[in-house]
Amino acid sequence: MAKGGRGMPSHRNPIYMDHAATSFPKPEVVAEAMVENLREFSANPGRSGHFLSLEASRALFEARETVAEFFRVDDSRKVIFTKNVTEALNLAIYGLLRQGDHVVTTSMEHNSVMRPLRDLEARGMVQVSVVPSSPEGCADIEGISAAVRPGQTRLIVINHASNVVGTLVDIGKVAEVKGDAYLLVDAAQSAGCFPIDLSLLDVDLFAFTGHKALLGPQGTGGLIMRTGKEPVRPLMRGGTGSHSEFEEQPEFLPDKLESGTPNGCGIAGLAAGIRFVKKRGIGLIREHEKHLTARLLEGLMRMDRVHVYGPIDPERQTAVVSINVDGMSPSEVGFQLDRNFDICVRTGLHCAPAAHKTIGSFPSGTVRISMGMTNTEDEVEEIIQGLRWLVSH
Amino acid sequence: MKAEKTLKAGGVGFDTIPVPKEISSDCGMAIMTASMETHRVKQVLLKSGIAIKGMYLKTVTGYEEINDG
């Protein structure tokens, strides 16, 4: 893997530690599934009666069933495919909220949650209560409970794991305090690297992305509904291949919330990624990532001038670690790691300004090291050595 | 799609066709089977919790809705 794009030859393979942004590389089976879809049957599913359309329909249906089974959802019609988790969150937020509703959320949320909420708030449509999380990024369950206004709070939105410091949220505990409100979980950072069983969790709306730990391509994601009767209005209306004699959007799922031609090729890739994760075993993936996180934290904590944020505990976080180096800006650190060591990390605010305010790294942000299934102990060792070199020069 | 999967698993002979325009203007699909298999198809589908929207018998004059118990 040469850095040919920059015109600079690489003397070794890049070490990719930006899995929180997107996973790389993808398993071969993902590309294979996408190429097969494109080559063999990328006809329009459900719109025609011919063989190719049927094959496309079957592939789409099977992908829906694969997602449903992976998250333990009883009916695959409750799985709504979107182009990413941002769309899924927008669909849930804009689709559910009405004039006068109250929303409760935390200070660790991503802009894909905060921007829709702040937009609705600015337009005078809803009131938003942001419950501050601890400096480690831990959700304040009692605070959330206190913020819930019976009869007025319509929605609680919370991330399953922070994209800045990886802190995991106990979704079960949040569900216990939700009252009559709907609970929307942003699982962008957890789906595929942390066990999730929706049949055991009282989550009303579950938003996930396809291109991170689920190992699918960019352009995939979805929203899963608990009962299918949640009153979510469509974000888009149009052709659904059903009820075509009517000019009104159908009321049944998934058609109601999926209009237009789906990303068949991408969804085929997503299904292949999920099957790969399932085969590897989410338990094994989680153990591997915890192990890497432990090694990384161990190395980081021994270094002077390196400040580590978050719970600093592999049990309480995903494989996402944010740091800063005294005397260097995050972007400088990231640049040096990239240029001198071919290590890919992400610097800055990671689209979560409030999270950085919570952990104390606003406005310059942090260096975020996020690992995935494909990372190794040797790579962890390399980044530690690289940082050691940086802090001593 | 689910009906297709269930019938295949149940070893029932069928074909998947576009819904005949005489029945609905939906762009949807329908299961076509020999008239003697109708009862078996119904059983297999209902057993799997699949709701049947309608059943029709093709005659020389068109499609007649089947209303049995």
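Draft legend 1. Region of the structure containing the overall build of chain A. Broken down by element type, chain A carries 11 helices and 13 strands. Its C-alpha atoms give chain A a radius of gyration of 22 Å, near enough to 21 Å, the size a compact globule of 393 residues would have. Projecting the C-alpha coordinates of chain A onto the three principal axes gives extents of approximately 70 × 55 × 35 Å. Counting over 393 residues, chain A shows a buried share of 48%. For chain A, the proportion of contacts with a sequence separation of at least 24, taken over those separated by at least 6, is 70%.

Draft legend 2. Summary view of the domain arrangement of chain A. All names here are of chain A. Here chain A is described as being made up of domain 1 (4–17 + 281–392) and domain 2 (29–279). The straight-line distance from the C-alpha centre of domain 1 to that of domain 2 is 28 Å. Sorting the residues of the side of domain 1 that touches domain 2 by element identifies α8 (282–301), β10 (320–325), α10 (353–359) and β13 (366–370) as the ones contributing at least two each. The greatest single-element share of the side of domain 1 that touches domain 2, amounting to 6 residues, is contributed by α10. In the side of domain 1 that touches domain 2, the residues fall into 12 nonpolar, 11 polar and 5 charged.

Draft legend 3. Here's a closer look at the sheet that holds β13 of chain A. Residue and element names in this part refer to chain A. Sheet architecture is open: 4 strands sit in the order β9-β10-β13-β12, paired in antiparallel fashion. Both outer strands of the open sheet, β9 (306–308) and β12 (346–348), are each paired with one neighbouring strand and no more. Averaged over all pairs of adjacent strands, the angle between their axes in this sheet comes to 30°, without regard to strand direction. Pairing analysis gives 4 bridges linking β10 to β13, with the strands arranged antiparallel.

Draft legend 4. Examining helix α11 (residues 377–392) of chain A more closely. Residues and elements named next belong to chain A. In a regular helix each residue adds 1.5 Å, so 16 residues correspond to 22 Å; α11 covers 23 Å between its end C-alpha atoms and thus fits that length. Taken together, the buried positions of α11 are Val-380, Ile-383, Gly-386 and Leu-387. Summarising the axial view, the buried residues of α11 lie within an arc of 125°, below the 170-degree limit, and thus occupy one face. Turned more than 90 degrees from where α11 packs its buried face, Glu-377, Asp-378, Gln-385 and Ser-392 sit exposed.

Draft legend 5. Summary view of the environment of Met-328 of chain A. Residues and elements named next belong to chain A. Tracing the chain through its elements places Met-328 in the loop between β10 and α9 (330–341). For Met-328, a count of 16 C-beta atoms within 10 Å corresponds to the partly exposed category. Note: C-alpha distance between Met-328 and Pro-217 (111 residues apart in sequence) is 34 Å.

Draft legend 6. Main features of the pairing of strand β6 (residues 182–186) of chain A. All names here are of chain A. Most of β6 sits out of view: 5 of its 5 residues are buried. Where burial is concerned, the two faces of β6 agree: the one with Tyr-182, Leu-184 and Asp-186 and the one with Leu-183 and Val-185 are both buried. Pairing of strand β5 (residues 153–159) with β6, which is carried by 5 bridges, proceeds in the parallel orientation. Of the residues in β6, the one forming a bridge with Ile-158 is Val-185. Handedness of the β5-helix α6 (residues 171–176)-β6 crossover: right-handed. The pairing of β6 with strand β7 (residues 205–209) spans 3 bridges and is classified as parallel.

Draft legend 7. Inspection of the nonpolar core at higher detail. All names here are of chain A. In this structure, Ala-92, Phe-206, Ala-207 and Leu-223 are the most contacted members of the largest nonpolar core, which totals 106 residues. Take this core: its biggest share by element is 9 residues, from helix α7 (residues 264–280). Domain assignment of the residues forming this core places at least three in each of domain 1 (4–17 + 281–392) and domain 2 (29–279). Leave out the neighbours within four places in its chain, and Phe-206 touches Val-185, Ala-187, Leu-198, Leu-223 and Ile-224.

Draft legend 8. View of the sheet that holds strand β8 (residues 221–225) of chain A. Residue and element names in this part refer to chain A. Taken in spatial order, the 7 strands of this open sheet run β2-β8-β7-β6-β5-β3-β4, and their pairing is mixed. The sheet is open, and its two borders are formed by β2 (79–82) and β4 (126–131), each paired with just one other strand. Neighbouring strand axes in the sheet, compared pairwise and without regard to direction, differ in orientation by 20° on average. Strands in contact with helix α3 (residues 85–96) are β2, β5, β6, β7 and β8; relative to β7, the strand with the most contacts, it is inclined by about 155°.

About the cut-offs
Residues numbered from 1 in each chain as written. Chains lettered and ligands numbered in written order. Predicted model: local features only at pLDDT ≥ 70, side-chain atom pairs only at ≥ 80, totals over all residues. Helix = DSSP H or I, 4+ residues; strand = E, 2+ residues; numbered from the N terminus. Rg over C-alpha atoms; globule rule 2.2 N^0.38 Å. Buried ≥ 20, exposed ≤ 12 C-beta atoms within 10 Å, placed from the backbone. Contact = placed C-beta atoms within 7 Å. Domains from an automatic or database assignment. Nonpolar A, V, L, I, M, F, W, Y, C, P; charged D, E, K, R; others polar. Pairing = 2+ DSSP bridges. Axes fitted to C-alpha atoms, helices over the stretch in contact; angles between N-to-C directions. Expected span 1.5 Å × (residues − 1). Arc of directions from axis to C-beta. Right-handed = clockwise from strand over helix to strand, strands pointing away. Core = buried A, V, L, I, M, F, W, Y, C linked by C-beta atoms within 7 Å.

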